[in-house]
Amino acid sequence: MKWLLGILTFILLAAQYRLWVGDGSFAEVTRLKRQLAQQQEKNAALARENRQLLREVRSLKVGTDGVEAKARYDLGLIKEGETLFIFLDSEEAKK
């Protein structure tokens, strides 16, 4: 009878090993859930960036307002008769 109890104990411990340590263990599931949450955050940020870029592309394709705004912002476009004013923050002025 002792050998039967020993065998059953061994089977129970072997079954518990995978639950706590092996593939699909609680620790691994927790780690994978954390990785999934991080990846979902990255995906959401990239989706927001993609939507912003899509809006910018559409704006550049339709009319000249988008192109003019981009040229003003990126290239410093000034139309004839306009005066450019540049305001520096106090921290930037000290540098």
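### Focus on the overall build of the chain
Right, so step 1: Of regular secondary structure, the chain possesses four helices and zero strands.
Right, so step 2: For the chain, the sequential pattern of α-helices and β-strands runs α-α-α-α.
Right, so step 3: Radius of gyration (C-alpha) of the chain: 31 Å, far over the 12 Å computed for a compact globule of 95 residues.
Right, so step 4: The C-alpha extent of the chain, read off along each of the three principal axes, is 105 × 40 × 10 Å.
Right, so step 5: Residue burial in the chain is summarised as follows: out of 95 residues, 4% are buried.
Right, so step 6: Accessible area for the chain stands at about 9,200 Å²; split by element, carbon and sulfur atoms hold 62% of it.
Right, so step 7: Seen as two clouds, the 16 positive and the 13 negative side-chain charges of the chain have centres 14 Å apart.

### A look at the pattern of salt bridges
Right, so step 1: Counted by the stated rule, this structure contains four salt bridges.
Right, so step 2: When the shortest N-O distance is used, the salt bridge between Arg31 and Glu28 registers 3.8 Å. A residue pair is termed a helical-turn pair when its members lie 3 or 4 positions apart in one helix, as Arg31 and Glu28 do in helix H2 (residues 26-61) at three residues.
Right, so step 3: Looking at Arg31, the relative accessible area reads 36%, which means it is partly exposed.

### Digging into the confidence of the model for the chain
Right, so step 1: For the chain, the mean per-residue pLDDT works out to 85, and 96% of the residues sit at or above 70.
Right, so step 2: Mean pLDDT across the elements of the chain bottoms out in helix H4 (residues 90-94) (66) and peaks in H2 (93).

### Examining the side chain of Ser25
Right, so step 1: Residue position: Ser25 is located in the loop between helix H1 (2-20) and H2.
Right, so step 2: Excluding anything up to four places from it in sequence, Ser25 contacts Arg18, Leu19 and Trp20.

### Observations concerning a nonpolar patch on the surface
Right, so step 1: Taken together, the side chains of Met1, Trp3, Leu4, Ile7, Leu8, Phe10 and Ile11 make up a nonpolar region of the molecular surface, amounting to roughly 840 Å² of accessible area.
Right, so step 2: Note that Ile11 resides in helix H1.
Right, so step 3: Given the relative accessible area of 49%, Ile11 is considered partly exposed.

Cut-offs applied
- Residues numbered from 1 in each chain as written.
- Predicted model: local features only at pLDDT ≥ 70, side-chain atom pairs only at ≥ 80, totals over all residues.
- Heavy atoms only, no water.
- Helix = DSSP H or I, 4+ residues; strand = E, 2+ residues; numbered from the N terminus.
- Rg over C-alpha atoms; globule rule 2.2 N^0.38 Å.
- Buried < 20%, exposed > 50% of the residue type's maximum accessible area, 1.4 Å probe, protein only.
- Areas by Shrake-Rupley, 256 points an atom, 1.4 Å probe, with all protein chains shown as cover.
- Lys, Arg positive; Asp, Glu negative; His and termini not counted.
- Charge placed at Lys NZ, Arg CZ, Asp CG, Glu CD.
- Salt bridge = Lys/Arg side-chain N within 4 Å of Asp/Glu carboxyl O.
- pLDDT = per-residue confidence, 0-100.
- Contact = heavy atoms within 4.5 Å.
- Patch = residues over 30% accessible without salt bridge, like charges linked within 9 Å, V, L, I, M, F, W, Y side chains within 5 Å.

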